[in-house]
Every structure is written in structure tokens, then in C-alpha cells.
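Observations on the three-dimensional arrangement
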Amino acid sequence: VQLQASGGGLVQAGGSLRLSCRASGYTSSSYTIGWFRQVSGKEREFVAATTWDGGYTYSVDSVKGRFTMSRDNARNTVYLQMNSVKPEDMAVYHCAARRRPPPYQIDVPAAYDYWGQGTLVTVSS
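First things first, this report covers the structure right here in the doc. Just so it is clear, the structure is predicted and the values come from calculations on it, not from any experiment.

As for the side chain of His94
As for its placement among the helices and strands, His94 is situated in strand 9 (residues 91-98). According to the relative accessible area criterion, His94 is buried, its value standing at 11%. The residues contacting His94, other than those within four sequence positions of it, are Gly34, Trp35, Phe36, Gln38, Arg44, Trp115, Gly116, Gln117 and Gly118.

Regarding the sheet that holds strand 3 (residues 17-24)
Taking strand neighbours across the sheet as the criterion, the four strands line up as 1-3-8-7 in an open arrangement whose pairing is antiparallel. Because the sheet does not close on itself, it has two edges, and the strands there are strand 1 (2-6) and strand 7 (67-72). Ignoring which end each strand starts from, the neighbouring axes of this sheet average 20° apart. With six bridges joining them, strand 7 and strand 8 (residues 77-82) adopt antiparallel strand pairing. Bridge pairing in strand 8 places Thr68 opposite Gln81.

A few points about the environment of Tyr79
The residue Tyr79 is located in strand 8 in this model. When its relative accessible area of 11% is taken as the criterion, Tyr79 is described as buried. Note: C-alpha distance between Tyr79 and Gly7 (72 residues apart in sequence) is 9.4 Å. Apart from the residues lying within four places of it in its own chain, the contact partners of Tyr79 are Arg18, Leu19, Ser20, Trp35, Thr68, Met69, Ser70 and Asp72.

Overview of the pairing of strand 11 (residues 119-124)
Alternating residues of strand 11 divide into Thr119, Val121 and Val123, all buried, and Leu120, Thr122 and Ser124, none buried. Where strand 2 (residues 9-12) and strand 11 come together, four bridges link them in parallel fashion. In the sheet register, Val11 faces strand 11, and the bridge partner there is Val123. Summarising the sheet, strand 9 and strand 11 pair through three bridges and their orientation is antiparallel. By the bridge assignment for strand 11, Val92 is matched with Leu120.

Some words on the state of the cysteines
Within this structure, the stated rule accounts for one disulfide. Disulfide pairing is shown between Cys21 and Cys95; the S-S distance is 2.2 Å. Between Cys21 and Cys95 the sulfur-sulfur dihedral comes to about 75°; the bridge is accordingly right-handed. Within this pair, whereas Cys21 is found in strand 3, its partner Cys95 is found in strand 9, the two being separated by 74 residues in sequence. In this pair, the class of Cys21 matches that of Cys95, namely buried.

Rules of the game
Residues numbered from 1 in each chain as written. Predicted model: local features only at pLDDT ≥ 70, side-chain atom pairs only at ≥ 80, totals over all residues. Heavy atoms only, no water. Helix = DSSP H or I, 4+ residues; strand = E, 2+ residues; numbered from the N terminus. Buried < 20%, exposed > 50% of the residue type's maximum accessible area, 1.4 Å probe, protein only. Contact = heavy atoms within 4.5 Å. Pairing = 2+ DSSP bridges. Axes fitted to C-alpha atoms, helices over the stretch in contact; angles between N-to-C directions. Disulfide = S-S within 2.5 Å.

See the structure below:
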């Protein structure tokens with residue numbers, strides 16, 4: 001499975017941005033796709049996850065009500081819609097996939113099998 005994240009850029013605080021994670025290669029509706037973010041010098045932080053079939057979604061409290069994951073199965077793409085963006089959301093965002101079903105260690109980077117390159121989100125205040 002290859003993952004390609006895109007959509008990062010500069011956004012004003014309070015604005016919106018949509019990140020995309022396109023998967024290629026073998027995928028399964030049972031796979032879980034997660035978004036993580038990382039600030040230089042800090043550990044990678046879990047943001048949100050969903051299964052390809054949409055039967056499971058989960059996000060951390062800091063983004064609930066602001067970030068939403070969605071899927072376009074025909075395009076093999078998962079999106080992270082970021083609304084009401086805050087300065088603390090600024091980071092490199094990575095998408096990842098794993099074969100293991102949720103919810104066990106859904107927020108643990110090491111529990112994911114495949115990673116895409118990151119896309120940088122910069123927030124201006």
C-alpha cells in the first residue's frame with residue numbers, strides 16, 4: 001500500500017483546509033486510515049482515524065467538532081477536513097494505514113503498517 005498525502009499549505013487561524021490521503025496498491029475495506037501530526041522536536045501525535053468502510057471513526061478531543069474525516073472509495077482517498085484551524089494545529093500531517101482493526105492502539109504510530117509522506121500545514125495568526 002502506498003499513501004500520498006497532499007493539501008497542506010498556509011491557512012489563517014479560524015480558516016479551513018482539506019487534506020487528502022490517496023491510497024494505491026492493495027487496500028481493503030477493513031483497513032484503518034489514520035492522520036497523525038508532528039511538530040519538529042516533538043513526538044508524532046494522533047489526530048483522527050477511520051475505516052475504509054466508514055464503520056468506525058475516532059478523533060482526539062482537541063480536534064473534535066473542528067476536524068472531520070471522510071472517504072471517497074472510488075478515488076481511494078481519505079480526507080481530513082480542518083475547520084476553525086488554530087495556531088496549535090500547525091504541524092506536518094501524515095496519513096497512515098493499518099490492517100489491524102480498531103480500536104486497539106488506534107492512536108499509536110507503531111501500530112500502523114504503512115505511511116505516506118507528510119504535508120505541512122502552516123497557520124498564521
